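Survey of secondary and tertiary structure
One letter stands for each residue in the lines below.
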Amino acid sequence: MAEAASYEIPTSVLETLVASGRRLVLDRRGSTVWEVETQQGRYAVKLGYPIKATSEWEAQEWTALAPAREGAILQQLDRGNVSYGEWEHGTWNVQPWHQGNSLYDLWQPHRAEGASSEPDLGEALSCAEAVAALHATGWAHGDIQPAHLIISDEGTALIDLALAQGGDIPTAYDFSYRGCLVHYESPEISRSVLETGTATPTMTADVYALGASLFISATGLRHVAYPDDASRKDQRQAIVDGPHRPVNVPGVLGKLIEAMLSPDPADRPTSAEACKELSSGH
């Protein structure tokens, strides 16, 4: 959470949007996200600020730059009416709001006691298609997780592209990739972060992260077992040492997840191949 009260949207941004209402969606270390109502529709407004050092956290400056970095990426990808800029504590962006349910929330019934049905292949396909569409533009996402796959009747939106790599980033807003939410890191990403402190997002690592996302959403289990209170270093070491948990998801989806979680990037299907596999079983 923020060290102080939730940061309010800068007045200049609100005036530009001609906002008629707003709702705080997320308030975490380094980032505040608002849903804003306007006459043109709903928007997400993200504010980034530095994380101050504490006894538990190292200082992190990159969180202040993340909204502008994402804004620059979204503009390159032509993702609707997107703007970004700077404010007194860091940077901000405005982007279209995506309505729907996260993959994890949508598949909650499959994690209930006694549940045995195979999750909907159409929903899995929609997630794979969103990843494949990004990859087709030459970008790797770098932070695929269930919360970033928002599913609606219109399809799946792949959100939170602040860590993506594949095109030109304004130097003033760029920063090194230090991994993502560890529960979805591939062995090669975890190994690189442990050895050098940084890594490079790749499409093959995205496929692994999608597999881990599908697995945890279907079963409630992380792809690799480690204690809940394990440090990030220990989590990453467990991923490097492997193996991943047995994939106990039935049918076509289980076989695909198994392939996506291959420790060797060369053995994983591409996102396009994952789409083809899910389409044939759908």
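Scroll up to find the structure this text is about.
1. Points about helix H8 (residues 251–260)
Those residues of H8 not exposed but buried are Leu253, Gly254, Leu256, Ile257 and Met260. Buried residues of H8 fall within an arc of 165 degrees about the axis and therefore sit on the same side. Looking at the packing, one finds that the buried side of H8 touches helix H4 (121–136), helix H6 (203–219) and helix H9 (271–281).

2. Section: the state of the cysteines
Scanning the entire structure with this criterion turns up zero disulfides. Its sulfur unpaired, Cys127 is 10 Å from the next cysteine sulfur, which belongs to Cys275. Take Cys180: it sits in no disulfide, and the sulfur closest to it among the cysteines is that of Cys127, at 16 Å.

3. Points about the pattern of salt bridges
Under the criterion given, the structure shown has nine salt bridges. Of the charged contacts, one joins Glu35 and Arg42 as a salt bridge, the two residues approaching to 2.7 Å between their closest N and O atoms. With relative accessibility at 33%, the residue Arg42 sits in the partly exposed group. Among the ionic pairs, Arg69 bridges to Asp174, the shortest N-O distance being 2.9 Å. Taken as a pair, Arg69 in helix H2 (residues 62–76) and Asp174 in the loop between strand E8 (155–158) and helix H5 (187–196) lie far apart in primary sequence, 105 residues in all. Each member of the salt-bridge network shares a partner with another, and the members are Arg23, Glu35 and Arg42.

4. Thoughts on unusual backbone geometry
Residue Pro243 is reached from Gly242 by a cis peptide bond, and omega for that bond is -5 degrees. Of note, the phi angle at Asp78 is positive, near 60 degrees, even though the residue is not glycine. Examined against the element boundaries, Asp78 turns out to sit in the loop between H2 and strand E4 (83–87). With phi around 60 degrees, Asp160 is a residue other than glycine that occupies positive phi space. Locating Asp160 in the fold gives a position in the loop between E8 and H5.

Here is what the cut-offs are and how they apply
Residues numbered from 1 in each chain as written. Predicted model: local features only at pLDDT ≥ 70, side-chain atom pairs only at ≥ 80, totals over all residues. Heavy atoms only, no water. Buried < 20%, exposed > 50% of the residue type's maximum accessible area, 1.4 Å probe, protein only. Helix = DSSP H or I, 4+ residues; strand = E, 2+ residues; numbered from the N terminus. Arc of directions from axis to C-beta. Contact = heavy atoms within 4.5 Å. Disulfide = S-S within 2.5 Å. Salt bridge = Lys/Arg side-chain N within 4 Å of Asp/Glu carboxyl O.

Purely geometric numbers; function is a separate question.
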